[in-house]
Amino acid sequence: MNEPLRIGVLGAARISGASLIGPAWATGHRVVAVAARDRARAEAWAAEHGVERVAGSYAELIADPEVEVVYNPLANGLHGPWNLEALAAGKHVLSEKPSASNADEAAEVREAAAKAGTVFMEAFHYLFHPVTRRLHEVLASGEIGELRHVETMVAIPAPADSDPRWSLPLAGGAVMDLGCYSLHAVRVLAPWAGGAPRLVSARGGERAGAPGVDEWLDADLAFPGGATGSARCHMAYDRLEMSCRIIGSRGEVFAPNFVLPHTDDRVVVRTAAGERTERLGTRSSYTYQLEAFADRVRGGAPLPLDPDDAVATMTLIDTAYRAAGFEPRPRYVTS
């Protein structure tokens, strides 16, 4: 076996239990430290998740020579600043999406990663699961013909009003939390569509009581080869929906939940020959992601995600915001 990664976690976010701790246990990697603004919370979180020790601050964790990988699941506005700090310290970085508050900051992160010579990856975990791989395989096989249209929808019931996802200074909004998935899943079809898509139009709605923050946004896209795309997101929906439908000239392939495929691993293929449902397995997409990241760090294995991809996604997000009447998210300002 390769030597286990030695991972430090920024913040005591609830998502980290599923997105990192479980996968680390499953794959034999070490979570050596955690830091949070509230040390007592960090200590409780470390005890709950079997983390080896608590660092006194984010900066102390990043400076720890035993920490070689920094996992950043902080609020969106804190992704860019702490990704830059970790890269400047020569660490590998696995950052929750999106990598920064806007495209300019994402480009700075890309430059920092190039200077550091370490691995930087945005955590679009869905891309590593067999469900997404199968969507792409079916399209590539020609079974559903040439790509004509793709529809993605990522929606959840509303978080509490106090949730940082509704905070403009913390780079909140439906597109930042959810639409990054819907836009990314359209973007990655470029190899079968003559190149990357461009934004045609976008519409959105502002969250009541949160000026400048989008509650929902719908984006229309077009590929050079003539195919079209619809990328939708909603952060105050009546249910959870995270679907992807790829329509070809001879049929379609559909995943009911491409973002969390371990909760619904179905892929449905429909053609003139009939309909079939394939099951791709309930192993966590986060576990597949950590394996791929570790293979890159330890053995130089290729990854489908890199800093260039992160900048392209953030550029598309900014473009969609402007088209829908919003401003791109501001860079986080420390008090």
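You'll find the structure just up there.
Every value quoted in this text rests on a predicted model; they were computed, and no experiment measured them.

Conventions we followed
- Residues numbered from 1 in each chain as written.
- Predicted model: local features only at pLDDT ≥ 70, side-chain atom pairs only at ≥ 80, totals over all residues.
- Heavy atoms only, no water.
- Axes fitted to C-alpha atoms, helices over the stretch in contact; angles between N-to-C directions.
- Helix = DSSP H or I, 4+ residues; strand = E, 2+ residues; numbered from the N terminus.
- Parallel < 35°, antiparallel > 145°, perpendicular 65-115°, else oblique.
- Contact = heavy atoms within 4.5 Å.
- Nonpolar A, V, L, I, M, F, W, Y, C, P; charged D, E, K, R; others polar.
- Left-handed = near helix turned anticlockwise from the far one by under 90°.
- Expected span 1.5 Å × (residues − 1).
- Buried < 20%, exposed > 50% of the residue type's maximum accessible area, 1.4 Å probe, protein only.
- 1 Å grid on protein atoms, 1.4 Å probe; cavity = no way out; pocket = protein on both sides within 12 Å on 5 of 7 lines; lining within 4 Å.
- Points joined across faces, edges and corners; volume = space filled by probe spheres on them.
- Salt bridge = Lys/Arg side-chain N within 4 Å of Asp/Glu carboxyl O.
- Pairing = 2+ DSSP bridges.

## Some remarks on the packing of helix α5 (residues 103-116) against helix α9 (residues 307-323)
- Relative orientation of the contacting elements α5 and α9 amounts to 175°, with a least axis distance of 8 Å. Classed by the angle they form, the pair α5 and α9 counts as roughly antiparallel. Of α9, the residues touching α5 (which contributes Ala103, Ala106, Ala107, Arg110 and Ala113) are Pro307, Asp308, Ala310, Val311, Met314, Thr315 and Asp318.
- Within the contact of α5 with α9, the residues separate by chemical class into eight nonpolar, one polar and three charged.

## Details of the packing of helix α7 (residues 174-187) against α9
- Closest axis-to-axis distance for the α7/α9 pair is 10 Å, and the angle between their directions is 115°. Taken together, the axes of α7 and α9 are roughly perpendicular relative to one another. The hand of the α7/α9 crossing is right-handed. For the pair formed by α7 and α9, the contact residues are Val175, Met176, Cys180, Leu183, His184 and Arg187 on the first element and Asp309, Ala312, Thr313, Met314, Leu316, Ile317 and Tyr321 on the second.
- Residue classes in the contact of α7 with α9 are distributed as nine nonpolar, two polar and two charged.

## Let's talk about the environment of glycine 300
- Structurally, glycine 300 can be placed in the loop between α8 (285-299) and α9.
- Counting along the chain gives 181 residues from glycine 300 to valine 119, while the straight-line C-alpha distance between them is 9.3 Å.

## A short note on helix α6 (residues 130-141)
- Its 12 residues give α6 an end-to-end C-alpha distance of 16 Å, which sits within 8% of 16 Å, the value for a rise of 1.5 Å per residue.
- If you check which residues of α6 are buried, you get Pro130, Val131, Thr132, Leu135, His136, Val138 and Leu139.
- In this structure, the buried residues of α6 make contact with β7 (147-155), β11 (241-248), β12 (251-255), β13 (266-271) and α8.
- Looking one or two places after α6, you find glycine 142, whose phi comes out positive at around 85°.

## Considering empty space enclosed by the protein
- Under the defined criterion, the tally for this structure stands at one cavity of 30 Å³ or more.
- Estimated volume of the largest cavity: approximately 40 Å³.
- Surrounding the largest cavity, Tyr126, Thr132, Leu135, His136, Ala185, Val188, Leu189, Cys244, Ile246 and Phe258 form its lining.
- When residues of the lining of the largest cavity are traced back to their parent elements, those giving at least two are α6 and β11.
- Among the elements that line the lining of the largest cavity, the one with the most residues is α6, at three residues.
- Classifying every residue of the lining of the largest cavity gives eight nonpolar, two polar and no charged.

## A look at the pattern of salt bridges
- Summed over all chains, the structure comprises 34 salt bridges.
- Its salt-bridge partner being arginine 53, residue glutamate 66 comes within 3.0 Å of it at the nearest N-O pair. Note that glutamate 66 is positioned in the loop between α3 (58-63) and β4 (69-72) and arginine 53 in strand β3 (residues 53-54), a separation of 13 residues in sequence.
- With a shortest N-O distance of 3.0 Å, aspartate 238 and arginine 239 are connected by a salt bridge.
- Here the salt bridges do not stand alone but share partners, grouping Arg30, Glu52, Arg53, Asp64 and Glu66 into one network.

## Topic: the sheet that holds β4
- Strand order in the open sheet formed by six strands is β3-β2-β1-β4-β5-β6, with parallel pairing between adjacent strands. Edge positions in the sheet fall to β3 and β6 (120-122), since each has one partner strand and no second.
- Strands in contact with helix α4 (residues 79-88) are β1 (6-10), β4, β5 (92-95) and β6; relative to β5, the strand with the most contacts, it is inclined by about 165°.

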